[in-house]
Amino acid sequence: KMLCHFSPSGAAGSTPVKIPAGAGGSLTKLAYYSTVQHKVARVRSFDHSGKDIDNEPLYEISVQEEITARLHFIKFENTYIETCLDFIKDHLVNTETKVIKATGGGAYKFKDLIEKKLGLKVDKEDVMTCLIKGCNFVLRNIPHEVFAYQKDSDTEFRFQTNHPNIFPYLLVNIGSGVSIVKVESEDKFEWIGGSSIGGGTFWGLGALLTKTKKFDELLQLASKGQHTNVDMLVKDVYGGACQTLGLSGNLIASSFGKSTTADKEFSKEDMAKSLLHMISNDIGQLACLHAKLHNLDKIYFGGFFIRGHPVTMRTITYSINFFSKGEVQALFLRHEGYLGAIGAFLKGAEQDNPNQYSWGENYAGSSGLMSTSPDVSPLQRTRSGTFDMLEMDRLERPLVNLPLLKDPSTYIPDTVDLTDDAMARKYWLTCFEEALDGVAKRAAASQPDSVDAQERAEKFRQKYWNKLQTLRQQPFAYGTLTVRSLLDTREHCLNEFSFPDPYSKVKQKENGIALKCFQSVIESLDSLGWEERQFALVKGLLAGNVFDWGAKAVSDQWLERLKGPPHKCALIFADNSGIDIILGVFPFVRELLSRGTEVILACNSGPALNDVTYSESLIVTERIAAMDPVIHSALRDEKLLLVQTGSSSPCLDLSVAAVVAERQTDLVVIEGMGRAIHTNYYAVLRCESLKLAVIKNSWLADRLGGKIFSVIFKYEVPCK
């Protein structure tokens, strides 16, 4: 990581620290902002005036340094508070830094130590305000942040689709006690209840009962215990008569009830489990009553009592399901341990207004849910106390729901959930492992003049391999595991080691070759009859692959539609460089323009595999316009617009697209395996859509009921 420059807002506290109360098992969470220097690939059109352009490259490729904003969140064990403060002093404090933002009980406990060690004034922020700000931030910016826990199902973690409207919700923070907060908007929230019976109660009574002083060890005991040895159940009170009361005999009638009559010692494990159920049931009932009172169906749980522990999530989930009769769901957050730190950071950086941007999780630098960072060896972790990291990069432009989605709240971009499908997960993880050596070689070969390219490529290979092994053991680490997330993680790791566009020279060559064929392809198409030309244009979009009978029947429906009135505006998401965009997409675009349809051509903002980028598309379009009057006049009259998707992925998530179709878009065209099969295969839009791809993977073809190199041609008309 290059912590080369830090925001001058340090004077206002751009280095907030979350220091919760309690020693031993307690944690310090550090949040800070940095600007990170990394390499980006740039393309620039040559000045071809007076030159033989047939023998010149289409455009110039250069690798430049770019500075982007990054948020870092690190957890330290409190026993390493001195190490944490040394890190802050060495890396984050500059001459302009006067104040450090802090929240949590430790802001008071360690105040003198922080001020003495760092020479800074501690500015204590309200805990609840920080928690809410942090919660809103992760709900808005991190896909699959929210999950339900289901211990007895095949998939323990059920991740929720991000809803465009996150409010209202109930936040139940279980620390020493319990705080229940109703959140209605970004700035409107109120404390509506709580209890003195919380995590501190479990810890304190547990220590008295078991003589175990450490919180995590107490939970470990509970996970091995059998509460029925200690608790009195309904069937113990009523015997067989419990059924006439409509109650299950296995319900707890009295926590620790058997201790009054049993003449024996109870095990530490059983007592810890009984205590955990008692505390969880009390909190669950209280939370349910408040949710019903305020007509809320979303309850997020956080605090050190939760902290990602399966045993606490399971008991809380059971309690909520029981008392709400399944009407309210217990929800947890992947990064709930960072909420206070994130909120304190946002408070300290208000003049920079981080909320005006969109932020994306950097999978290369984040350790994931319930997994230690593979980059931190046990020796390093023992020395530093760090064991969990989250990094988020600021995106170039705000991302929003594509307005053309029929129902953004139910939209799921990915076709196969690898978290849920063990067979598919095993197949795809193996695929990515087997392809890794080739990707590393391609990365090194893309920078032949770099003396350390081979070394960086090997570091990339090792890092991505480690990520894949983590995902084999913990497929839920970064939310729902999909082909898209595996591809995105690979791109993040390539960027981390300064390989911004390994396919840049390949794309440059293929674009140049395809452009030389453009005019002859257009002449050939123009010589065809109308119906034959439409069929040829669709085949061109599919790189000339032959239709099977099913796709042919659907394409006939598309031809019938084309005999009707022209579409007002078509939004086309382009896929590959070279033949695909130049000889496939542009002839199709040209035909639509000739019919009187305006066209928005959307390309990736950043590179991914051999996909065409927005900057490349500008140069390609300029060259095509010089050859073709239809494209030329459409550009001049703004009938053809080129836009960025906001993505640097081979796949397409329409719920976070930079494209806002302000024109009267009534046709969306999505092409390519990544965008139309791995994602959006089942996407439902409010307008007509074409999804086109060739299945180039035999396993996927079999899963979808076809053969390898089968054609996907889906023409869909929305229901009235």
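Throughout what follows, the structure given in this document is the object of discussion.

About the cut-offs
Residues numbered from 1 in each chain as written. Predicted model: local features only at pLDDT ≥ 70, side-chain atom pairs only at ≥ 80, totals over all residues. Heavy atoms only, no water. Salt bridge = Lys/Arg side-chain N within 4 Å of Asp/Glu carboxyl O. Helix = DSSP H or I, 4+ residues; strand = E, 2+ residues; numbered from the N terminus. Pairing = 2+ DSSP bridges. Axes fitted to C-alpha atoms, helices over the stretch in contact; angles between N-to-C directions. Patch = residues over 30% accessible without salt bridge, like charges linked within 9 Å, V, L, I, M, F, W, Y side chains within 5 Å. Areas by Shrake-Rupley, 256 points an atom, 1.4 Å probe, with all protein chains shown as cover. Buried < 20%, exposed > 50% of the residue type's maximum accessible area, 1.4 Å probe, protein only. Polar contact = N/O pair within 3.5 Å; in protein donor to acceptor, adjacent residues only side chain to side chain. Contact = heavy atoms within 4.5 Å. Core = buried A, V, L, I, M, F, W, Y, C linked by side-chain atoms within 4.5 Å. Parallel < 35°, antiparallel > 145°, perpendicular 65-115°, else oblique. Left-handed = near helix turned anticlockwise from the far one by under 90°. Nonpolar A, V, L, I, M, F, W, Y, C, P; charged D, E, K, R; others polar.

**Thoughts on the pattern of salt bridges**
For step 1, the next point in the chain: One pass over the structure, following the stated rule, counts 36 salt bridges.
For step 2, the next point in the chain: In this structure, the salt-bridge partner of Lys111 is Glu115, at a minimum N-O distance of 3.3 Å. Of this pair, Lys111 and Glu115 are both found in helix α3 (residues 111–118), four residues apart, which corresponds to roughly one turn of the helix.
For step 3, the next point in the chain: One salt bridge connects Lys563 with Glu531, and the closest N-O pair in it is separated by 3.8 Å.

**Section: the sheet that holds strand β6 (residues 146–149)**
For step 1, the next point in the chain: Here seven strands make up an open sheet; going across it, the order is β7-β6-β14-β13-β8-β9-β10 and the pairing mixed. Taken across any chain shown, the strands that pair with only one partner, and hence form the sheet edges, are β7 (157–159) and β10 (189–195). Taking the axes of each pair of neighbouring strands and ignoring which way they run, one obtains an average angle of 35° across the sheet.
For step 2, the next point in the chain: In terms of strand pairing, β6 meets strand β14 (residues 329–333) through two bridges, oriented antiparallel. Counted as the bridge partner of Phe147 is Phe332 from β14.

**Description of a nonpolar patch on the surface**
For step 1, the next point in the chain: Residues Val237, Tyr238, Leu245 and Leu247 make up a contiguous nonpolar surface patch of roughly 360 Å² in combined accessible area.
For step 2, the next point in the chain: When its relative accessible area of 46% is taken as the criterion, Tyr238 is described as partly exposed.

**Considerations on the side chain of Asn604**
For step 1, the next point in the chain: Of note, Asn604 is situated in the loop between β18 (598–603) and α19 (614–627).
For step 2, the next point in the chain: Reaching out from Asn604, the side chain makes a polar contact with the backbone oxygen of Ser649 at a distance of 2.9 Å.
For step 3, the next point in the chain: Aside from chain neighbours lying at most four places away, what touches Asn604 is Asp611, Val612, Thr613, Tyr614, Thr645, Ser647, Ser648, Ser649 and Arg675.

**As for the nonpolar core**
For step 1, the next point in the chain: Residues Phe460, Leu486 and Leu654 are the most contacted members of the largest nonpolar core, which totals 56 residues.
For step 2, the next point in the chain: Elements with a contribution of two residues or more to this core: α12 (422–445), α13 (453–473), α14 (483–496), β17 (569–573), β18, β20 (667–671), α21 (673–678) and α22 (698–703).
For step 3, the next point in the chain: In terms of residue count, α12 provides more of this core than any other element does, nine residues in total.
For step 4, the next point in the chain: One finds Val43, Leu537, Ile619 and Val711 within the second-largest nonpolar core, a separate group that totals 47 residues.

**Some remarks on the environment of Gln150**
For step 1, the next point in the chain: Mapped onto the secondary structure, Gln150 falls in the loop between β6 and β7.
For step 2, the next point in the chain: Accessibility expressed as a relative area gives 33% for Gln150, which makes it partly exposed.
For step 3, the next point in the chain: In contact with Gln150, not counting residues within four places along its chain, are Thr155, Glu156 and Arg158.
For step 4, the next point in the chain: Reaching out from Gln150, the side chain makes a polar contact with the side chain of Arg158 at a distance of 3.2 Å.

**Some details on the environment of Lys182**
For step 1, the next point in the chain: Note on placement: Lys182 falls in strand β9 (residues 178–183).
For step 2, the next point in the chain: Look at Lys182 and you get buried, because its relative accessible area is 14%.
For step 3, the next point in the chain: Sequence separation of Lys182 and Phe167 is 15 residues, and the distance between their C-alpha atoms is 9.6 Å.

**Some points on the sheet that holds β17**
For step 1, the next point in the chain: Pairing in this open sheet of six strands is mixed, and the strands run β19-β18-β17-β20-β21-β22 from one edge to the other. The sheet is open, and its two borders are formed by β19 (640–644) and β22 (711–716), each paired with just one other strand. Across the sheet, the mean angle from the axis of one strand to that of its neighbour is 15°, orientation sign disregarded.
For step 2, the next point in the chain: Bridge analysis of β20 against strand β21 (residues 688–694) gives five bridges, and the strand direction is parallel. In the strand pairing of β21, Glu671 is matched with Leu692.

**A short note on the packing of helix α5 (residues 199–210) against helix α8 (residues 268–293)**
For step 1, the next point in the chain: The interhelical angle for the contact between α5 and α8, taken along N-to-C directions, is 160°, at an axis separation of 10 Å. Taken together, α5 and α8 sit at an angle that is classed as roughly antiparallel. For the element pair α5 and α8, the recorded crossing hand is right-handed. In this structure, α5 uses Thr201, Phe202, Leu205, Gly206, Leu209 and Thr210 to contact α8, whose residues at the interface are Lys268, Met271, Ala272, Leu275, Leu276, Met278 and Ile279.
For step 2, the next point in the chain: Across the contact of α5 with α8, the residue classes break down as nine nonpolar, three polar and one charged.

Treat this as a map of the structure, not an account of what it does.
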